Amino acid sequence: LRSPRNPEQKIIKRVIALEGDIIKTIGYKKKYVKVPHGHIWVEGDHHGHSFDSNAFGPVSLGLLHARATHILWPPHRWQKLQPALPPERKPLRKEQE
């Protein structure tokens with residue numbers, strides 16, 4: 001996606017929550033966030049060392065640029081990416097629940 005702070009920069013993050021989801025944040029100004037309409041919550045794999053939604057909040061879907069499907073570098077890590085969330089980062093609940 002395009003960085004919310006610098007539109008010239010592209011960043012790769014994992015989508016953790018979709019619009020309507022409630023997520024427990026890691027260091028964001030609010031402990032819980034309901035992802036607003038037209039937005040997603042993204043996080044890097046290295047909590048505390050990642051420039052992600054915990055730093056800048058929900059991200060507009062308009063900044064979404066592409067979807068990563070494979071790891072290509074370094075060659076010993078070549079693999080197809082599987083869509084999965086770490087169990088501790090799943091949304092707490094959906095809006096309609």
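Note that this is a predicted model, so its numbers are computed, not measured.

Calculation criteria
- Residues numbered from 1 in each chain as written.
- Predicted model: local features only at pLDDT ≥ 70, side-chain atom pairs only at ≥ 80, totals over all residues.
- Heavy atoms only, no water.
- Phe/Tyr/Trp six-rings, centres within 6.5 Å; stacked < 30°, edge-to-face > 60°.
- Helix = DSSP H or I, 4+ residues; strand = E, 2+ residues; numbered from the N terminus.
- Buried < 20%, exposed > 50% of the residue type's maximum accessible area, 1.4 Å probe, protein only.
- Salt bridge = Lys/Arg side-chain N within 4 Å of Asp/Glu carboxyl O.
- Core = buried A, V, L, I, M, F, W, Y, C linked by side-chain atoms within 4.5 Å.
- Contact = heavy atoms within 4.5 Å.

1. What to know about the packing of aromatic side chains
Item 1. With the rule as written, the count across this model stands at 2 aromatic pairs.
Item 2. Judged by centre distance (5.4 Å) and plane angle (85 degrees), the ring pair of Tyr28 and Trp41 falls under edge-to-face. Here Tyr28 is found in the loop between β2 (22–24) and β3 (32–34), whereas its partner Trp41 is found in strand β4 (residues 39–43), with 13 residues between them in sequence. Both residues of the pair, Tyr28 and Trp41, belong to the buried class.
Item 3. Aromatic pair Phe51 and Phe56: ring centres 4.9 Å apart, planes at 70 degrees, arrangement edge-to-face.
Item 4. For Phe51, a relative accessible area of 31% puts it in the partly exposed group.

2. Topic: the pattern of salt bridges
Item 1. With the rule as written, the count across this model stands at 1 salt bridge.
Item 2. Across the salt bridge formed by Asp45 and Arg14, the nearest N and O atoms sit 2.9 Å from each other. Pair noted here: Asp45 is in the loop between β4 and α1 (53–56) and Arg14 is in strand β1 (residues 14–18), with a separation of 31 residues, a long-range link.
Item 3. A relative accessible area of 28% places Arg14 in the partly exposed class.

3. A few points about the nonpolar core
Item 1. By size, the foremost hydrophobic cluster in this structure holds 7 residues: Ile16, Ala17, Ile23, Tyr28, Val33, Val35 and Trp41.
Item 2. Not counting the four nearest positions on each side in its chain, Val35 is found in contact with Ala17, Leu18, Glu19, Gly20, Asp21, Ile40 and Trp41.
Item 3. Membership of the second largest hydrophobic core comes to 6 residues, among which are Ile40, Val42, Phe56 and Val59.

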